[in-house]
Amino acid sequence: MTVTRFAPSPTGYIHIGNLRTALFNYMIARQSGGQFILRLDDTDPERSKQEYADAIMQDLEWLGLTWDRIEKQSERLDRYEAAADELREKGRFYECFETPIELDLKRKKQLNMGKPPVYDRTALDLSDEQKDALRAERGSGHWRFKLDQDRIEWTDGILGNLSIDAASVSDPVLIRGDGQFLYTLASVCDDIDFGITQVVRGSDHVTNTATQIQIIEAMGGSVPFFAHHSLLTGPQGEALSKRLGTLALRDLRGQGIEPMALLSLMARLGSSDPVELRGSMDELVAGFDLAKFGSAPTKFDVEDLKPLTSKYVAALPYETMADALAALGVPGEVAADFWSVARENLETRADVAKWWELCRDGAEPLVDAEDQEFVATAKDLLPAAPWTSDTWSEWTTSVKAATGRKGKGLFMPLRKALTGMQHGPDMSRLMPLLQKVNL
Ligand code: GLU
């Protein structure tokens, strides 16, 4: 059975970049009737917060990315401890005592000499007495996994055949000096224990994958299928990392972006398939193919969510909107008509309130100086209420006869006078809904 996971750290709100990872893993699981696990990577007690964990769940639920199982790393510390013991027994784990400043100095020296800044494994040569002395002086050390220094190879679901020389990578730190388990060890234990079959994540994790493959093998686990999707950039190819804070899913929700708009874009962006609004998650799942995604950075423009959202909103059936319209005070007898007139003119669902205000209260007329007289004439010719779907054509016919104007010169000033806007619904359909005009 296919088992995937989405593994955010509850140290902040999830954003558009996280969504891509979550969605890919969700779709892969759903495609084969497998399992999708939400894993909270919360081993850092200072930065992990329950409010962020709650927010992550809310955001995923809003999008319909439901999980079959949830796991918290903070509840599995015993397991990580046992894994650490196992690695120690197998001679794959060693204690190091360098301070961050010392490590930094080493890195700088290596870089100055044109060498890659790989940890030099000095700690491997420490005798037990030296370690005792260092421990007495500096406290417990941090623990590194001892990589086998040969090539680590895998066939990546997006990047193809990869081969990384383990000698070019520092032995990863798995436990900090203060005893905190780091992500790499916890993630490997979880992937093994939960039977994860496919790991899809951002290409910033490629080096992690190389080291994780060796750790999984050292622990006797089976290596899952890995795929690394490209990272998102802004529309001009600029790094998005600094702006991700403003691209939190909850902010997009607050701006009225519709889940299907977001999902339709993110499920296909960066692939050879066109991005178009899909009607359901099932459709997105059915057509999803990891092999269609490329390795180049993916340009993301938040503006692209707007037309998808308005298209989605325009297609919403009246029944879906009935309660919201009633809450706005739209009388039941005109609500369906009102919705069919307004729906094509909305950026978000919330915009419908503006159109209802316009129908109820009338707009501030927009009359250009050269149209003042024309509009005054038109006002005198305005048929008496109640207005029907014929009223607009009757009115414009009589205004045309009286003023000699036609085409845009006739219609546009009248539209602007009645709605205060240059664009909007078909006037013959809107007029019967106008309860007030302020001409
Ligand atoms: N918590 C990690 C992250 O958010 C998970 C990475 C992974 O998928 O293994 O980057």
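The model shown is predicted, which means the values in this text are computed figures rather than measured ones. (Residues numbered from 1 in each chain as written. Predicted model: local features only at pLDDT ≥ 70, side-chain atom pairs only at ≥ 80, totals over all residues. Heavy atoms only, no water.)

Draft legend 1. Seen up close, the overall build of the chain. Tallying secondary structure elements over the chain gives 18 helices and 12 strands in all. Its C-alpha atoms give the chain a radius of gyration of 31 Å, more than 25% over the compact-globule value 22 Å for 439 residues. When burial is assessed residue by residue, the chain has 46% of its 439 residues classed as buried. Pairs at least 24 residues apart make up 74% of the contacts formed inside the chain by residues separated by at least 6 positions. In the chain, 50 positive and 67 negative side-chain charges are present, and the distance between their average locations comes to 4 Å. (Helix = DSSP H or I, 4+ residues; strand = E, 2+ residues; numbered from the N terminus. Rg over C-alpha atoms; globule rule 2.2 N^0.38 Å. Buried < 20%, exposed > 50% of the residue type's maximum accessible area, 1.4 Å probe, protein only. Contact = heavy atoms within 4.5 Å. Lys, Arg positive; Asp, Glu negative; His and termini not counted. Charge placed at Lys NZ, Arg CZ, Asp CG, Glu CD.)

Draft legend 2. Highlighting the packing of aromatic side chains. Tallied over the entire structure, the rule returns 10 aromatic pairs. Each ring, one from tyrosine 13 and one from tyrosine 52, has its centre 5.1 Å from the other, and the planes form 80 degrees; the classification is edge-to-face. With tyrosine 13 in the loop between strand S1 (3-6) and helix H1 (16-31) and tyrosine 52 in helix H2 (residues 50-63), this pair connects stretches of sequence that are 39 residues apart. Here tyrosine 13 falls in the partly exposed class, since its relative accessible area comes to 39%. Counting every residue linked through ring pairs, the aromatic cluster contains Phe24, Phe288 and Phe293. (Phe/Tyr/Trp six-rings, centres within 6.5 Å; stacked < 30°, edge-to-face > 60°.)

Draft legend 3. Expanded view of the sheet that holds strand S2 (residues 35-40). With parallel pairing, three strands are arranged side by side in an open sheet as S1-S2-S3. Two strands close off the open sheet at either side, each with one partner strand: S1 and strand S3 (69-72). Strand-to-strand twist in this sheet, taken as the mean axis angle between neighbours without regard to direction, amounts to 30 degrees. Each of S1, S2 and S3 is contacted by H2, which is oriented at about 155 degrees to S2, the strand it contacts most. Contacting S1 and S2, helix H6 (residues 183-193) crosses the sheet at an angle of about 155 degrees to S2. (Pairing = 2+ DSSP bridges. Axes fitted to C-alpha atoms, helices over the stretch in contact; angles between N-to-C directions.)

Draft legend 4. Highlighting the side chain of histidine 229. Within the secondary structure layout, histidine 229 lies in strand S10 (residues 225-229). Of note is the side chain of histidine 229, whose polar atom sits 2.9 Å from the side chain of threonine 21. Other than its neighbours up to four places away in sequence, histidine 229 contacts Arg20, Thr21, Phe24, Ile158, Val200, Arg201, Gly202 and Ser203. (Polar contact = N/O pair within 3.5 Å; in protein donor to acceptor, adjacent residues only side chain to side chain.)

Draft legend 5. Geometry of the site of the ligand. Near the ligand you find Arg5, Ala7, Ser9, Asp41, Tyr183, Ser187, Arg201 and His205, and these make up its full shell. Take serine 9: an N or O atom from its side chain is 3.5 Å from a nitrogen atom of the ligand. Within the side chain of arginine 201, one N or O atom sits 2.7 Å away from an oxygen atom of the ligand. For the ligand, whose unbound accessible area comes to 300 Å², protein coverage reaches 79%. Here the shell around the ligand is built from residues that sort into two nonpolar, three polar and three charged. (Near = heavy atom within 4 Å. Areas by Shrake-Rupley, 256 points an atom, 1.4 Å probe, with all protein chains shown as cover. Nonpolar A, V, L, I, M, F, W, Y, C, P; charged D, E, K, R; others polar.)

Draft legend 6. Inspection of the nonpolar core at higher detail. Ile16, Leu65 and Phe300 are the most contacted members of the largest nonpolar core, which has 48 residues in total. Mapped onto this core, the elements with two or more residues apiece are H1, S2, H2, helix H8 (249-254), helix H9 (259-268), helix H10 (281-286) and helix H11 (305-314). The residues contacting leucine 65, other than those within four sequence positions of it, are Leu19, Ala22, Leu23, Tyr26, Phe36, Leu60, Leu263 and Met281. (Core = buried A, V, L, I, M, F, W, Y, C linked by side-chain atoms within 4.5 Å.)

Draft legend 7. The arrangement of the pattern of salt bridges in detail. Counted according to the given criterion, the structure contains 32 salt bridges. Between arginine 253 and aspartate 59 there is a salt bridge, and its shortest N-O distance comes to 3.1 Å. Of this pair, arginine 253 sits in helix H8 while aspartate 59 sits in helix H2, and the two are 194 residues apart along the sequence. With a closest N to O distance of 2.9 Å, arginine 69 and glutamate 71 form a salt bridge. (Salt bridge = Lys/Arg side-chain N within 4 Å of Asp/Glu carboxyl O.)

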